[in-house]
Amino acid sequence: MRKCLGYITISLLVPVLILFIFLSYQEWSLAQSPYHVLDERIPIDSVELSQTSYMKAANGKVISEISTGEKRTYLKLEDIPLFLENLFIVTEDQKFYDHAGVDLSGISRALLINSQNKTIEQGGSTITQQLARNAYLSHDRTYNRKLSETLYAYQLERKKSKPEIMELYLNAIYFSNGAYGIEAASQYYFSKPTGELSKAELAFLAAIPNNPENYNPLKHFDETKKRQERLLKQMVAEGDLEQTEYEKLIKTTIKLDLSTSVDLYPDYVTYVHQELKNLVASSEGLTKSLQSPDVDIRQQAEVELNKKVEKLLNSGVTIHTALDTKLQTQSKTAVQSKIGVNDIEGALVVIQHHTHELVSLIGGKDYKKNSFNRAYQSYRQPGSAIKPLLDYAPYIEETGADINQLVSGASYCSNSYCPKNYSGDSYGMVTLRTAFAQSYNTPAIRLFEKTGMETSFKYLEAFDFKKVSKKDHHTSSAIGGFEYGMSPLELTNAYTSFNDGNYQPARAIIKVTDQKGEVLYKWNDNSKEIWNKSTVAKMRQLLHETTLSGTARKAYFPTDYIGGKTGTTNDVKDMWFVGLTANYTTGVWIGRDKPSNLQSIYSHTPHVLIWKDISQTAE
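Fair warning: this is a prediction, and the values are worked out from it, not measured in the lab. (Residues numbered from 1 in each chain as written. Predicted model: local features only at pLDDT ≥ 70, side-chain atom pairs only at ≥ 80, totals over all residues. Heavy atoms only, no water.)

### Some remarks on the overall build of the chain
The following threshold applies: For the purposes of this entry, the term helix denotes a DSSP run of H or I that reaches at least four residues, the term strand denotes a run of E that reaches at least two, and both are numbered from the N terminus. Each residue is placed in one exposure class: buried if its accessible area under a 1.4 Å probe, protein chains only, is under 20% of its type's maximum, exposed if it is over 50%, and partly exposed if it falls in between. In what follows, residue pairs with any heavy atoms lying within 4.5 Å of each other are defined as contacts. Surface accessibility follows the Shrake-Rupley procedure with a 1.4 Å probe radius. Residue values consider only the protein chains on display as shielding.
Counting its regular elements, the chain contains 24 helices and 14 strands. A burial count over the chain gives 50% of its 619 residues as buried. Restricting the contact set of the chain to residue pairs at least 6 apart, pairs at least 24 apart contribute 68%. Accessible surface, the chain: about 29200 Å² in total, of which carbon and sulfur atoms supply 50%.

Laid out in structure tokens, this is it:
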């Protein structure tokens, strides 16, 4: 009796609801256009579905898939099999091409079923309503959400054509296990594009969105297969599939071939994400605000930047990088093999100095993605590796001195500061060539003083060392005694100036393109001259001499050009080698995260041997 009463009540309510809408519309039209109100409250000019972005190496290989929650690759309707489209129409919304977004008969049917079960078991949603739910609303089963869904669906039908709605729908729906849209589902479950799926595979995937948890193929494969068969049977009942083909399709074995997200070369990829933020900030005029002394301005700029980067990565862009995958793999192997299994860490940077491209970066011996990246986040004192940039090149640039000019290598003392040469010996008068190659300290300090502290640091300012400040303007900096120092990336980048005298920041990102291949972002750096040609020629001779007869003899190998400089900090807490070959500038740092003595490995010169391994490979 109660069930019959429920049927009668619902049968009466539906016409009353329609009459109410009609009368409300008449009153509304007298006051204000309903379309104007809807457009104001529910603007639907475009439907933006988040898409997976990709990061590619120099050879075009995808090295990272980037999604901030929804893995999706958008497909145009013409690239989606018609069979799949028809399957969803038959099983989800047979009046799709006739209604204006809402199917009243479907709602009536849902009301009846829901009243019998005293819960919302069915929504009676059309394909348009499901799109509205997936694109704009939550999946809560409440009547308020249902009303909003109806209004959004109505707006979608006003603003979009039926093919556009179908295309959006097939790209929006959830297929479980993080896959949104048919292409992401096809790639995840079968490791191939939608266009290569069989009808049986298409129907199998179509079974999932109705209830992605219950029909998750990884947990409930049999249930998914049963629903696939029910969908195909429904196609037969509606005359859209022949019985013989149906019998063939349901007997087809469904074999999943799961794919995994690509996420390679974590050291380099992590850095690219940081560089992307810098690129967007620079292009969008946010860099100045991000560096503001006002905390509120900085925080506001950071929030704005994060929103822009997130929106960019959700739009399905491709980040093209300069990564040399072969070199990156060999760099990691070299760092691991030469350091060994202990608490000693290492970082490595390789720059193609003709193009200013960052082709390899190692952030740690066993680096994990998004962890502390020593290649660009660790700031350490450079030791003697700073001498070419702060002592020798400025002196030669200012005076035009010949590398055979003499300088005192005797003991030095000034205001109780009495640094010694590494050996502890006093050398008397020596040539710049010998002092540089053997990395004597006292000659370097004397050159630094002759040039003048402020003049020397003026040259260093050109390299944008983030942690170098006025506090470092003292004599001990001449031999590496900085408050914080510099990162391996910064120091290696500065050494590229010894290629042709010019400096330009090395970049990992070549360009960022949209799905049409149009460039959205790219660096527009300007090269600036630091050293004149004569200074460069002399510095290259000094760097070369170090590998022939100096502290970096183990780095030498026959090639068109080779040169570099070692650096060791007090108590051997840091070991550096930065050097150049014909095409690359490579920097290696070795040390502990908590600085401590490395004397036990010093004689093995792992930093020099790592550099040699990589430089020989690169050339």
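Still to come is the rest of the account.
### As for the sheet that holds strand S4 (residues 345–352)
Hydrogen bonding along the main chain pairs the strands of a sheet, whether they run parallel or antiparallel. Put simply, the test is: Note on pairing: two strands pair once DSSP finds at least 2 bridges between them. Here an angle of 0 to 180 degrees is reported between the N-to-C directions of two axes, which are lines fitted to C-alpha atoms, with helices fitted over the stretch in contact.
Spatial ordering of the open sheet is given by S5-S4-S14-S13-S12, a layout of five strands whose pairing is antiparallel. Single-partner strands in this sheet number two, and they are strand S5 (357–362) and strand S12 (562–568). Ignoring strand direction, the axes of neighbouring strands in this sheet form an average angle of 10°. Relative to strand S14 (residues 584–591), strand S13 (residues 574–581) is paired through seven bridges, and the arrangement is antiparallel. From the neighbouring strand, tryptophan 576 faces S14, where its bridge partner is tryptophan 589. Sheet strands touched by helix H22 (residues 533–549): S12 and S13. Its angle to S12, the strand with the most contacts, is close to 70°.

### Brief notes about the packing of helix H15 (residues 325–339) against helix H24 (residues 606–618)
What counts is decided by this rule: Each angle receives one of four descriptions, namely roughly parallel if under 35 degrees, roughly antiparallel if over 145, roughly perpendicular if within 65 to 115, and oblique otherwise. In this scheme the handedness of a crossing depends on how the near helix is turned from the far one: anticlockwise by less than a right angle means left-handed, clockwise means right-handed. Each residue receives one of three labels: charged for Asp, Glu, Lys and Arg, nonpolar for Ala, Val, Leu, Ile, Met, Phe, Trp, Tyr, Cys and Pro, and polar for the others, Gly being one of them.
Packing of H15 against H24 leaves a shortest axis separation of 9 Å and a crossing angle of 155°. With respect to their mutual orientation, H15 and H24 come out roughly antiparallel. Regarding H15 and H24, the two cross each other, and that crossing is right-handed. Contacts between H15 and H24 involve Leu327, Gln330, Ser331, Ala334, Val335, Lys338 and Ile339 from the first element and Pro606, Leu609, Ile610, Asp613, Ile614, Thr617 and Ala618 from the second. Of the residues belonging to the contact of H15 with H24, the class tally is nine nonpolar, three polar and two charged.

### Some words on the sheet that holds strand S2 (residues 62–66)
Read from one edge to the other, the open sheet built from five strands follows the order S2-S1-S3-S9-S10, with strand pairing classed as mixed. Each end of this open sheet is capped by a strand with a single partner; those strands are S2 and strand S10 (519–521). Put simply, the sheet's adjacent strands are angled 25° from each other on average, direction ignored. Summarising the sheet, strand S9 (residues 509–513) and S10 pair through two bridges and their orientation is antiparallel. In the strand pairing of S10, threonine 513 is matched with valine 519.

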